[in-house]
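# An overview of the molecular structure
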Amino acid sequence: WEGHNSVPPEIWLLPNWFPFHPGRLWCHCRMVYLPMGYLYGARFVYDEASNDPIIQQLRKELYCGPYESIQWNKTRHLVA
């Protein structure tokens, strides 16, 4: 998780009247923010990713180089 910008789930605990409450976000944005906040807070790791053929295929399609050679700390701010 050190290679990703944080998605703090604690923001959902703010009062609804707070100007930056996630409930004020566009509906599609809320539906991405809530589960990503949960996964970030739990620091979820899929233990079977190295053996899962679907994950392996997605890594080949989504990344330009080999997945194992990506230096995540250097790519942290490349995606908005």
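Below you will find a few notes about this structure. Just so it is clear, the model here is predicted, and its values are computed rather than measured. (Residues numbered from 1 in each chain as written. Predicted model: local features only at pLDDT ≥ 70, side-chain atom pairs only at ≥ 80, totals over all residues. Heavy atoms only, no water.)

### Details of the overall build of the protein
From N to C terminus, the protein includes 3 helices and 0 strands. The helix and strand sequence of the protein, counted from the amino end, reads α-α-α. At 16 Å, the protein has a C-alpha radius of gyration far larger than the 12 Å of a compact globule built from 80 residues. Along the first, second and third principal axes, the C-alpha set of the protein runs to 45 × 25 × 20 Å. Across the 80 residues in the protein, those meeting the buried criterion constitute 12%. Across the protein, the fraction of contacts at a sequence separation of at least 24, relative to all contacts at a separation of at least 6, is 47%. Here the protein displays about 6900 Å² of accessible surface, and carbon together with sulfur accounts for 64% of that area. (Helix = DSSP H or I, 4+ residues; strand = E, 2+ residues; numbered from the N terminus. Rg over C-alpha atoms; globule rule 2.2 N^0.38 Å. Buried < 20%, exposed > 50% of the residue type's maximum accessible area, 1.4 Å probe, protein only. Contact = heavy atoms within 4.5 Å. Areas by Shrake-Rupley, 256 points an atom, 1.4 Å probe, with all protein chains shown as cover.)

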